[in-house]
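This is what each chain is made of:
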Amino acid sequence: MKLRNIILSADDIPRQWYNILADIKMNPPLGPDGNPISPDALAPVFPMNLIEQEVSDKRWIDIPEPVLDVLQIWRPAPLVRAYSFEKALDTPAKIYVKNEGVSPPGSHKPNTAVPQAYYNKEFGIQNISTETGAGQWGSALSFACSQFGLNCKVFMVRVSFDQKPYRKAMMQAWGGECVASPSMETKAGRDILEKMPDTPGSLGIAISEAIEAAVSDTSGKTRYSLGSVLNHVMLHQTIIGLEAKKQFNMINEYPDVIIGCAGGGSNFAGLAFPFVLDKMNGKDIAIYPVEPKACPTMTRAPFVYDHGDTARYTPLLPMHSLGHNFIPPPIHAGGLRYHGMAPTVSQLIVEGLITPRSVSQLDSYRAGVLWARTEGVIPAPETTNALACVVEEALKAKEEGKEKVIVATFSGHGLLDLAAYDKFFSGELTDVSLPDETIEEGKNIFKDYPKPQRLQSR
Ligand SMILES: *Cc1c(COP(=O)(O)O)cnc(C)c1O
């Protein structure tokens with residue numbers, strides 16, 4: 001029998017997260033006056049214990065015991081050798097995925113939702129507000145809040161709210177409340193609806209609404225939570241890569257190629273950052289974050305200072321960005337429709353430590369369907385973007401006749417995304433590529449913004 005699943009024992013779950021801020025230089029977040037903001041300025045939005053993590057430069061940070069207790073519902077997660085997928089591609093490459101689809105909400109997102117709920121609870125917070133694109137983050141946070149007895153309110157991007165009604169039911173099952181964004185409940189939402197009553201919405205708009213809902217609660221018992229992009233989110237996700245390292249150790253293997261789809265960058269960072277540390281120390285590894293051609297933040301947008309949301313409530317962050325006004329085409333990988341990219345991931349791109357790639361929507365679905373028909377699990381639309389890149393790398397290995405070891409994050413299963421598969425099978429899905437003019441237009445808003453330095457860490 002071939003060893004298909006590489007499984008750690010419960011006791012092997014990592015006890016610390018890896019913080020990449022210890023190893024790279026970063027441009028600071030800036031306030032409205034163009035000066036670096038002090039951590040205190042974020043206090044109305046996030047609890048102080050999470051703000052401390054956001055700016056910490058300690059390399060290893062302990063995972064609290066109550067967080068480990070909840071993560072154990074599904075962790076350690078399996079590392080899976082994709083023998084059947086390899087065979088279908090007739091490749092000499094060894095393909096592995098870290099299966100994050102085994103969590104209760106079906107994605108990697110509870111890896112950070114659980115600690116975020118825990119730290120909010122510890123700080124005395126009772127309500128958390130957030131946004132969600134495809135619905136994965138809203139359901140992950142609803143699940144996490146239910147574990148710690150917190151209330152959760154989710155602003156869900158309109159187009160996904162209509163496309164994915166079961167996500168709302170999932171949030172409700174865990175006690176969360178879900179409203180379509182833009183909504184009439186916030187000034188940010190009302191302003192947009194007045195100008196664009198039929199807008200499909202965007203993550204940028206939903207983030208504005210969720211921040212406003214948090215800071216306008218005068219009782220001080222509500223905070224906002226973000227499911228990607230920020231440093232502490234990347235930190236919490238490193239449990240993926242730290243487990244994967246232990247699993248590769250068990251089988252005396254080490255990856256040559258690391259792949260993850262990237263919307264805000266968190267599942268990619270979670271797998272990749274612990275290996276980036278090895279690369280900084282001399283290991284020869286190719287590391288690829290993958291985005292859809294319809295929302296080409298890393299591959300076509302500039303490295304700039306931009307806001308994380310449309311109403312410009314957030315500080316200016318140094319990142320690759322298509323512009324905070326950018327409303328991406330309604331492709332089905334909803335979790336990848338964000339205008340910016342995590343500052344840490346952006347910094348690694350600037351330094352040449354990782355190399356972004358983009359794939360088309362149809363190639364992604366083809367790879368996803370091949371995965372379903374070989375490995376069995378139906379991948380989330382976001383995950384199919386990573387799989388399309390795995391296919392490209394596996395075919396390259398075949399051409400070169402090299403037995404490369406490839407590993408990717410399997411960021412989630414697609415059982416609540418079957419409407420998208422239905423469209424693919426009926427031929428309704430198309431390839432969406434952005435014209436250069438759209439990208440150039442987006443750049444205009446940065447004209448008067450401060451520019452980040454192109455720092456090199458070593
Ligand atoms: C949210 C989501 C993503 C994209 O978010 P990242 O922060 O880039 O990881 C990818 N895959 C799935 C399944 C998601 O739910």
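We now turn to the structure provided with this report. (Residues numbered from 1 in each chain as written. Predicted model: local features only at pLDDT ≥ 70, side-chain atom pairs only at ≥ 80, totals over all residues. Heavy atoms only, no water.)

## Examining the overall build of the chain
Thought 1: The secondary structure content of the chain amounts to 18 helices and 15 strands.
Thought 2: Taking 23 Å as the expected radius of gyration for a compact globule of 458 residues, we find that the chain reaches 20 Å, a close match to that expectation.
Thought 3: Based on the C-alpha atoms only, the size of the chain along its principal axes is roughly 60 × 50 × 45 Å.
Thought 4: Scored against the burial criterion, the 458 residues of the chain give a buried share of 63%.
Thought 5: Restricting to contacts in the chain with at least 6 residues of sequence separation, those with at least 24 account for 78%.
Thought 6: Surface summary for the chain: the accessible area is close to 17300 Å², and the carbon and sulfur share equals 51%. (Helix = DSSP H or I, 4+ residues; strand = E, 2+ residues; numbered from the N terminus. Rg over C-alpha atoms; globule rule 2.2 N^0.38 Å. Buried < 20%, exposed > 50% of the residue type's maximum accessible area, 1.4 Å probe, protein only. Contact = heavy atoms within 4.5 Å. Areas by Shrake-Rupley, 256 points an atom, 1.4 Å probe, with all protein chains shown as cover.)

## Topic: the pattern of salt bridges
Thought 1: Per the stated rule, a full pass over the model turns up 24 salt bridges.
Thought 2: Of the charged contacts in the structure, one is a salt bridge between Glu100 and Arg75, with a shortest N-O distance of 2.8 Å. Highlighted residues: Glu100 in the loop between β5 (94-99) and α4 (110-122) and Arg75 in the loop between α2 (65-71) and β4 (79-81), separated in sequence by 25 residues. In this pair, the class of Glu100 matches that of Arg75, namely buried.
Thought 3: Among the salt bridges present, the one from Glu185 reaches Lys153, with a minimum N-O distance of 2.5 Å. Here the residue Glu185 occupies a position in the loop between β8 (177-181) and α8 (187-195), and Lys153 occupies one in strand β7 (residues 151-157), the gap between them amounting to 32 residues. (Salt bridge = Lys/Arg side-chain N within 4 Å of Asp/Glu carboxyl O.)

## A look at α4
Each full turn of the α-helix corresponds to 3.6 residues, which orients residues three or four apart in the same direction.
Thought 1: Between its first and last C-alpha atoms α4 spans 18 Å; for 13 residues at 1.5 Å apiece the expected length is 18 Å, and the two agree.
Thought 2: With respect to burial, α4 is a largely interior element, eleven of its 13 residues being buried.
Thought 3: Buried within α4 are the following residues: Pro110, Asn111, Thr112, Ala113, Val114, Pro115, Gln116, Ala117, Tyr118, Tyr119 and Asn120.
Thought 4: Gly124 lies just past α4 and shows a positive phi near 90°. (Expected span 1.5 Å × (residues − 1).)

## Overview of the sheet that holds strand β14 (residues 357-359)
Strand pairing in a sheet relies on backbone hydrogen bonds. The paired strands run either parallel or antiparallel.
Thought 1: Strand order in the open sheet formed by seven strands is β1-β4-β5-β15-β10-β11-β14, with mixed pairing between adjacent strands. Of all strands in the sheet, those bounded by a partner on one side alone are β1 (5-6) and β14.
Thought 2: When strand β10 (residues 257-261) meets strand β15 (residues 405-410), the two strands line up parallel, connected through three bridges. Residue pairing for β15: Ile258 is matched across the bridge by Val407.
Thought 3: Across the sheet, helix α11 (residues 239-250) lies against β1, β4, β5 and β15, angled at about 135° from β5, the strand it touches most.
Thought 4: Of the strands in this sheet, β10, β11 (286-292) and β15 are in contact with helix α12 (residues 266-280), which crosses β10 at around 155°. (Pairing = 2+ DSSP bridges. Axes fitted to C-alpha atoms, helices over the stretch in contact; angles between N-to-C directions.)

## Some remarks on the site of the ligand
Thought 1: Looking at the ligand, there are 18 residues lining it, with Lys109, Ser228, Gly263, Ser266 and Ser411 nearest.
Thought 2: Take Lys109: an N or O atom from its side chain is 2.6 Å from an oxygen atom of the ligand.
Thought 3: Between an oxygen atom of the ligand and a side-chain N or O atom of Ser266, the distance comes to 2.7 Å.
Thought 4: For the ligand, the accessible surface in isolation is 380 Å², of which the surrounding protein chains cover 97%.
Thought 5: When atom positions are compared with the pocket grids, the ligand is found to occupy the largest cavity.
Thought 6: Taken together, the residues of the shell around the ligand break down into four nonpolar, twelve polar and two charged. (Near = heavy atom within 4 Å. Polar contact = N/O pair within 3.5 Å; in protein donor to acceptor, adjacent residues only side chain to side chain. 1 Å grid on protein atoms, 1.4 Å probe; cavity = no way out; pocket = protein on both sides within 12 Å on 5 of 7 lines; lining within 4 Å. Sits in = over half its atoms within 2 Å of the grid points. Nonpolar A, V, L, I, M, F, W, Y, C, P; charged D, E, K, R; others polar.)

## Here we look at the pairing of strand β12 (residues 303-307)
Thought 1: Summarising burial for β12: five of the five residues are buried, a large majority.
Thought 2: Residues Phe303, Tyr305 and His307 line one face of β12 and the alternating positions Val304 and Asp306 line the opposite face, and both faces are buried.
Thought 3: Taken together, the five bridges between β12 and strand β13 (residues 316-320) define a ladder with antiparallel strand orientation. Among the inter-strand pairings, Phe303 is bridged to a residue of β13, identified as His320.

## Some remarks on the packing of aromatic side chains
Thought 1: Applying the stated criterion across every chain yields a total of 15 aromatic pairs.
Thought 2: A ring pair is formed by Tyr365 and Tyr421, whose centres lie 5.4 Å apart and whose planes are at 80°; its orientation type is edge-to-face. Taken as a pair, Tyr365 in helix α15 (residues 361-374) and Tyr421 in helix α17 (residues 418-425) lie far apart in primary sequence, 56 residues in all.
Thought 3: Residue class for Tyr365 comes out buried when judged on its relative accessible area of 2%.
Thought 4: Tyr421 sits in the buried class, given a relative accessible area of 4%. (Phe/Tyr/Trp six-rings, centres within 6.5 Å; stacked < 30°, edge-to-face > 60°.)

## Some points on the layout of surface pockets
Thought 1: Here the largest pocket is characterised by a volume of approximately 810 Å³.
Thought 2: Taken together, 42 residues make up the lining of the largest pocket; nearest its centre are Pro29, Ile37, Leu42, Pro315 and Leu317.
Thought 3: For the lining of the largest pocket, the secondary-structure elements that each account for two or more residues are α1 (48-55), α9 (203-215), α10 (231-237) and β13.
Thought 4: Residue composition of the lining of the largest pocket, grouped by class: 30 nonpolar, eight polar and four charged.
Thought 5: Empty space within the second largest pocket amounts to approximately 260 Å³.
Thought 6: Along its surface, the second largest pocket is lined by 16 residues, and Ala188, Ile192, Lys195, Thr310 and Ala311 are the ones closest to its centre.
Thought 7: Of all elements in the fold, only α8 and α9 reach the threshold of two or more residues within the lining of the second largest pocket. (Points joined across faces, edges and corners; volume = space filled by probe spheres on them.)

## Concerning the sheet that holds strand β6 (residues 127-132)
Thought 1: Spatially, four strands are ordered β8-β7-β6-β9 in an open sheet, and the strand pairing comes out parallel. The two strands at the open ends of the sheet, each matched to only one other strand, are β8 and β9 (222-224). Strand-to-strand twist across the sheet, computed as the mean angle between neighbouring axes with direction ignored, equals 25°.
Thought 2: Bridging between β7 and β8 involves five bridges; their strand directions are parallel. Of the residues in β8, the one forming a bridge with Phe155 is Val179.

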